[in-house]
Amino acid sequence: MEIKPREIAFSVAIVFVMLALGFLIGSKIGDHITEENEKFTTAAQITDDEQFQYALATDFGNVIAYGDLIAEQPVSADDLDGEYAILTKITEQYTMHTREVTYTDSKGHTHTRTEINWTWDRVKREEDSTETFSFMGVSFPADKFSVSTHRQGKMIYDNSELRHYYVVADASMVGSIHTRIKDHMIADDNEFYADTEPQTVVDRAVKNAGVLVVMFWVFWIALTCGAVYGFCALENRWLDG
């Protein structure tokens, strides 16, 4: 690929335009990230139950609260030890799948055969959960919290064609939520950061924001290089005129 002098000049122009757009878009992203970070960095950090209850009573606003989250109506299953905040039973069935495959033999003749494949496919999902949680000594509806789940126990075979396993959330956890207190109530669907203290929540949020900025610039530089390469790969005969 021969690169002409005029193509070099236009390539430089493309780079400057892309960089200008990148700084413009990057500044918008940076402003948004700064605004989001401020929600974490300016939040009051509460680690005492009485302080949290006082914050609820006074509509304190933006807080990161750290304490015990306990299921008030824990659920269980007959074939699984323990009690849990959320208990999801996943049932799978051993299922036969068939497909028609067409092939040509060494003499050029076309044939069709049926291939059979067996897989375990999910056929049912049953969930049971607590209706309320106690967080830092105060009862809240369960949907105020978004908690992580994990697989618990072994795979249980009901017969040769059916099996099931459980995905659960622990009945008792300790960790943080970042929320806004208004009308003596926390916000909806607060992510629960298990085993994470308030300052760690802040540090993680700021670090993740920095990663997003780096990812944007890696993408934008790659896009700029691609645009320059694509331009130079064209014949661009119009430049000869």
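What counts and how
Residues numbered from 1 in each chain as written. Predicted model: local features only at pLDDT ≥ 70, side-chain atom pairs only at ≥ 80, totals over all residues. Heavy atoms only, no water. Salt bridge = Lys/Arg side-chain N within 4 Å of Asp/Glu carboxyl O. Helix = DSSP H or I, 4+ residues; strand = E, 2+ residues; numbered from the N terminus. Buried < 20%, exposed > 50% of the residue type's maximum accessible area, 1.4 Å probe, protein only. Arc of directions from axis to C-beta. Contact = heavy atoms within 4.5 Å. Polar contact = N/O pair within 3.5 Å; in protein donor to acceptor, adjacent residues only side chain to side chain. 1 Å grid on protein atoms, 1.4 Å probe; cavity = no way out; pocket = protein on both sides within 12 Å on 5 of 7 lines; lining within 4 Å. Points joined across faces, edges and corners; volume = space filled by probe spheres on them. Nonpolar A, V, L, I, M, F, W, Y, C, P; charged D, E, K, R; others polar. Pairing = 2+ DSSP bridges. Core = buried A, V, L, I, M, F, W, Y, C linked by side-chain atoms within 4.5 Å.

**Points about the pattern of salt bridges**
So, point 1. Counted according to the given criterion, the structure contains six salt bridges.
So, point 2. Taking the shortest distance from any N to any O, the salt bridge between Lys39 and Glu36 comes out at 3.2 Å. Here Lys39 and its partner Glu36 are both found in helix α1 (residues 5-41), three residues apart, which amounts to about one turn of the helix.
So, point 3. Classification of Lys39 as partly exposed rests on a relative accessible area of 38%.
So, point 4. The closest approach of N and O atoms between Glu92 and Arg163, which form a salt bridge, is 2.7 Å. In this pair, Glu92 sits in strand β4 (residues 80-104) while Arg163 sits in strand β10 (residues 162-170), placing the two residues 71 residues apart along the sequence. Both residues of the pair, Glu92 and Arg163, count as buried.
So, point 5. What emerges from the salt-bridge pattern is a single network uniting Arg99, Arg113 and Glu115.

**Let's talk about helix α2 (residues 49-57)**
So, point 1. Where α2 is concerned, the buried positions are Phe52, Ala55 and Leu56. For α2, the angular spread of buried residues about the axis comes to 100°, placing them on one side. Looking at α2, the residues exposed on the side facing more than 90 degrees away from the buried face are Glu50, Tyr54 and Ala57.
So, point 2. Packed against the buried residues of α2 are β1 (44-46), β2 (62-71), β6 (132-135) and β7 (138-141).
So, point 3. Measuring from the backbone nitrogen of Glu50 back to the side-chain oxygen at the start of α2 gives 3.0 Å, which picks out Asp48 as the cap.
So, point 4. Downstream of α2 by one or two residues, Asp59 has phi in the positive range, about 50°.

**Observations concerning the layout of surface pockets**
So, point 1. Taken as a whole, the largest pocket encloses approximately 180 Å³ of empty space.
So, point 2. In terms of lining residues, the largest pocket is bounded by His32, Ile33, Glu36, Asn37, Phe40, Tyr193, Val201, Arg204, Ala205, Asn208, Ala209 and Leu212.
So, point 3. Residues belonging to the lining of the largest pocket are distributed by class as follows: seven nonpolar, three polar and two charged.

**A few points about the pairing of β10**
So, point 1. Inspection of the sheet shows β4 paired to β10 by nine bridges, in the antiparallel sense. Opposite Ile90, over in β10, you have Tyr165 as the bridge partner.
So, point 2. With five bridges connecting them, strand β9 (residues 150-157) and β10 associate as antiparallel partners. Along β10, the bridge assignment pairs Ile156 with His164.
So, point 3. From the end of β9 to the start of β10, which pair antiparallel, there are four residues.

**Details of the side chain of Ser176**
So, point 1. Inspection of the secondary structure puts Ser176 in strand β11 (residues 172-180).
So, point 2. A polar contact is formed between the side chain of Ser176 and the backbone oxygen of Thr196, at a distance of 2.5 Å.
So, point 3. In this view, Ser176 contacts Ile64, Ala65, Tyr66, Glu191, Phe192, Tyr193, Thr196, Glu197, Pro198 and Val201; residues no more than four positions away in its chain are not counted.

**A closer look at the nonpolar core**
So, point 1. In terms of nonpolar packing, the biggest core is built from 25 residues, with Phe52, Leu69, Phe135, Phe140, Phe145, Val147 and Ile186 touching the most fellow members.
So, point 2. At the level of secondary structure, the elements contributing two or more residues to this core comprise α2, β2, β4, β6, β7 and β11.
So, point 3. In terms of residues, this core owes the most to one element, β2, which gives four residues.
So, point 4. Setting aside residues up to four positions removed in sequence, Ile186 forms contacts with Phe52, Leu56, Phe140, Lys144, Phe145, Ile177, Thr179, Arg180 and Ile181.

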